[in-house]
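# Residue-level structural notes
One letter stands for each residue in the lines below.
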Amino acid sequence: MISCATLSREPLVRGAWMQEGQHLDLVGAFKPDMRESDDEAVQRCRIFVDTHAGALKEGGDIVQPMEAGAITKSDVVADLFELSRGKVQGRRDDSELTLFKSVGTALEDYAAAQQVLQRLS
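If you're wondering where the values come from, they're calculated on a predicted model, not measured in any experiment. (Residues numbered from 1 in each chain as written. Predicted model: local features only at pLDDT ≥ 70, side-chain atom pairs only at ≥ 80, totals over all residues. Heavy atoms only, no water.)

### A closer look at the overall build of the protein chain
Helices and strands together make up the secondary structure of the protein chain, namely five helices and five strands. Each helix and strand of the protein chain, placed in order from N terminus to C terminus, yields the pattern β-β-α-β-α-α-β-α-β-α. Computed over the C-alpha atoms, the radius of gyration of the protein chain is 14 Å, within 12% of the 14 Å expected from 2.2 N^0.38 for a compact globule of 121 residues. Structurally, the protein chain occupies a C-alpha span of about 45 × 30 × 25 Å along its principal axes. (Helix = DSSP H or I, 4+ residues; strand = E, 2+ residues; numbered from the N terminus. Rg over C-alpha atoms; globule rule 2.2 N^0.38 Å.)

Okay, structure coming up:
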């Protein structure tokens, strides 16, 4: 697993570096002009997002490759809602490259708060 939570405006993770079965977790770069991965990394991965609306509008790791024609909206397989409802399968096998892009959503904040409350109770 490669996890990034930065304010980078330049790609930090290169698709050429990725190995079979890796998961790329991108929770930084939450504005269209920010970026943690290059086009090749995004192209090589099966893409999941926290929300379609947020990631397709705000997340530079999705917005920039779409603007460059490296990926299309249809390359974004599912969001957290679709995954949690079982509408779309997550990782299909151990060799698949996957990417999760988060730009932040109130639902994620709520889930984290619930976890904290449970642990404090």
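Moving on from the model shown.
### Re unusual backbone geometry
At Ala-29, a residue that is not glycine, the phi angle is positive and equals roughly 45°. One can find Ala-29 in the loop between β2 (23-26) and α1 (39-44).

### Some points on the environment of Arg-92
In this fold, Arg-92 is placed in the loop between α4 (80-84) and β5 (98-101). A distance of 2.6 Å separates a polar atom in the side chain of Arg-92 from a polar atom in the side chain of Glu-96. (Polar contact = N/O pair within 3.5 Å; in protein donor to acceptor, adjacent residues only side chain to side chain.)

### Some thoughts on the pairing of β2
Burial of β2 is two-sided: the residues His-23 and Asp-25 facing one way and the residues Leu-24 and Leu-26 facing the other way are all buried. Note: strand β1 (residues 2-4) against β2, three bridges, orientation parallel. Following the sheet pairing, Ile-2 is matched in β2 by Leu-24. Note that β2 and β5 share four bridges and pair parallel. Its bridge partner being in β5, Leu-24 is matched across the sheet by Leu-99. (Buried < 20%, exposed > 50% of the residue type's maximum accessible area, 1.4 Å probe, protein only. Pairing = 2+ DSSP bridges.)

### Details of the environment of Arg-91
By the secondary structure assignment, Arg-91 is in the loop between α4 and β5. Taking the relative accessible area as the measure of exposure, Arg-91 reaches 33% and is therefore partly exposed. Between the C-alpha atoms of Arg-91 and Gly-21, which are 70 residues apart in sequence, the distance is 9.3 Å. Once residues within four sequence positions are removed from consideration, Arg-91 is found in contact with Gly-21, Gln-22, His-23, Arg-46, Glu-96, Leu-97 and Thr-98. Reaching out from Arg-91, the side chain makes a polar contact with the backbone oxygen of Glu-96 at a distance of 2.3 Å. (Contact = heavy atoms within 4.5 Å.)

### Concerning the nonpolar core
Core analysis: the biggest nonpolar cluster contains 16 residues, and Met-18, Leu-24, Ile-47, Ile-62 and Leu-99 have the highest contact counts within it. Once you skip the residues sitting within four places of it in the chain, Leu-24 turns out to touch Ile-2, Val-13, Met-18, Ser-37, Ala-41, Thr-98, Leu-99 and Phe-100. (Core = buried A, V, L, I, M, F, W, Y, C linked by side-chain atoms within 4.5 Å.)

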